[in-house]
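Analysis of the macromolecular model
The residues making up each chain are set out below.
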Amino acid sequence: MLPYGRQEIGDEEIEAVCQVLRSDYLTTGPAVENFELALANYVESPFAISLSSGTAALHAAMAAIEIAEGDEVVVPAITFVATSNAVLYCGGSPVFCDVDPRTLLIDPADVERKISPRTRAIVAVDYAGQPCDYQRLRTIADKHQIALIADSCHSLGAKIGNVPASRFADMSCFSFHPVKPITTGEGGAVVTRNSDFDRRIRSFRNHGIDTEFRQRAIKGVHKYSMATLGFNYRMNDIQAAIGAVQLKKLSGWTEKRNTLVAEYNRQIVLQGLPVTPLETCDNTTSASHLYVVRCDSNQFGRDHLFNGLRQRGVGCNVHYLPVYLHSFYRKKQAYRNVKCANAEAAYEEILSLPLFAAMSNRDVEFVCENIAAILHASNGAKAAA
Ligand SMILES: *Cc1c(COP(=O)(O)O)cnc(C)c1O
């Protein structure tokens, strides 16, 4: 089976884990600090705070801007559920916004329409690894004096011009789940240029306590103070050691992913496949986390292709059902009548094809040949009927 995404772990990561296991600190130790410095350096941000997952990173970002009951946060309809769940964790209300049908990125024009006097923040999702239009989103956020948060779980390594895409929001949240651009098994991070947010998130991930165990051990003091209610959302040193090695390989992987995307685009034209890749924006480098095509729904159903590819050993996936259509949200009065037309139309047609750094151009060709064969067989069956 060719999976739709897969991590790459080498001997260097294994060696780094063994070193931590033989060391004094399994958590909140020097490997965590080392990974945070390397990440901050990579994305050219002064602060990077590691966390136990991308979900924890989003929760921490919402907590850092003090989202609470009565607050609204604008989120795109097409995203992983964690984006909007993070707003709910803090007692706030996610307000779903439609996406641009060409890119499936949050539509700034609809963001404007969804802003109310209660809106406190916009969460933009760099869907499939492509950075959002942060210039326009920043203008909107500044005009309404609200925060701009990036769910960058797909886009570590993405750039706008020559600048890391995560520099444009007030905080950017990353995930290090195995299918994401780099992995630590589970893990996440927030990066920011704001020292207040840095301090709040460091405390939030450690129960709301102002110092960490190792800091107290080094200083030889036992007292600590808990001033706010936090969580145990810490990344451990075993994870951080893997992350630091992965980060060194990221630039090469991003380049490789973009080469594979170009090969997909070429094969689709070459083989005349009735699928359309998402559009890419000028002046940006995508992290190419996902390769998403829209199926021409007049010719065949997306699920027909999904099932056919799976039967032929090609892992594919659908990212994502508009979040408000999940039963948890639909059950709530506030979300019963939400409708984002572009998101719902896209959902019927989108398919994520395999994309990961260890794939070859031949794998891409193989996926495309299988798409051609499935559609050829169903056209044949239609003609016979
Ligand atoms: C993966 C992902 C998350 C959650 O990250 P975890 O590390 O799995 O908690 C949040 N948002 C988006 C868009 C994601 O893809």
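Everything in this summary refers to the structure shown in the same document. Quick caveat: nothing in here was measured; it's all calculated off a predicted structure.

**Some thoughts on the nonpolar core**
Among the nonpolar cores identified, the biggest contains 71 residues, and Met-62 and Tyr-127 are the most heavily contacted of them. In terms of residue count, the dominant contributor to this core is helix α3 (residues 54-64) (seven residues). Setting aside residues no more than four positions away along its own chain, Met-62 makes contact with Ile-67, Val-73, Ala-86, Val-87, Cys-90, Val-123 and Ile-149. Residues Leu-2, Cys-295, Leu-355 and Met-359 belong to the second largest nonpolar core, which totals 27 residues.

**Quick word on the pairing of strand β5 (residues 147-151)**
Side chains on a regular strand alternate between the two faces of the sheet. Of all five residues making up β5, five are buried, and the element is well covered by its neighbours. Because side chains alternate across β5, one face comprises the buried residues Ala-147, Ile-149 and Asp-151, and the other comprises Leu-148 and Ala-150, equally buried. The pairing of strand β4 (residues 119-125) with β5 spans five bridges and is classified as parallel. Across the sheet, Ile-122 pairs through a bridge with Leu-148, a residue of β5. Where β5 meets strand β8 (residues 171-175), three bridges bridge the pair, whose relative direction is parallel. Pairing of Ala-150 across the sheet is with Ser-172, part of β8.

**Side note on the sheet that holds strand β3 (residues 93-97)**
By way of backbone hydrogen bonds, the strands of a sheet pair with one another, either parallel or antiparallel. Spatial strand order, β1-β9-β8-β5-β4-β2-β3: seven strands in an open sheet with mixed pairing. Of all the strands in the sheet, the pair left with one neighbour each is β1 (47-51) and β3. Adjacent strand axes in the sheet meet at a mean angle of 25 degrees when their direction is disregarded. Where β1 lies against strand β9 (residues 188-192), five bridges are found, and the strand directions are antiparallel. The residue of β9 that forms the bridge with Ser-50 is Ala-189. Across the sheet, helix α2 (residues 30-42) touches β1 and β9, and the angle it forms with β1 is around 130 degrees.

Rules of the game
Residues numbered from 1 in each chain as written. Predicted model: local features only at pLDDT ≥ 70, side-chain atom pairs only at ≥ 80, totals over all residues. Heavy atoms only, no water. Core = buried A, V, L, I, M, F, W, Y, C linked by side-chain atoms within 4.5 Å. Buried < 20%, exposed > 50% of the residue type's maximum accessible area, 1.4 Å probe, protein only. Helix = DSSP H or I, 4+ residues; strand = E, 2+ residues; numbered from the N terminus. Contact = heavy atoms within 4.5 Å. Pairing = 2+ DSSP bridges. Axes fitted to C-alpha atoms, helices over the stretch in contact; angles between N-to-C directions.

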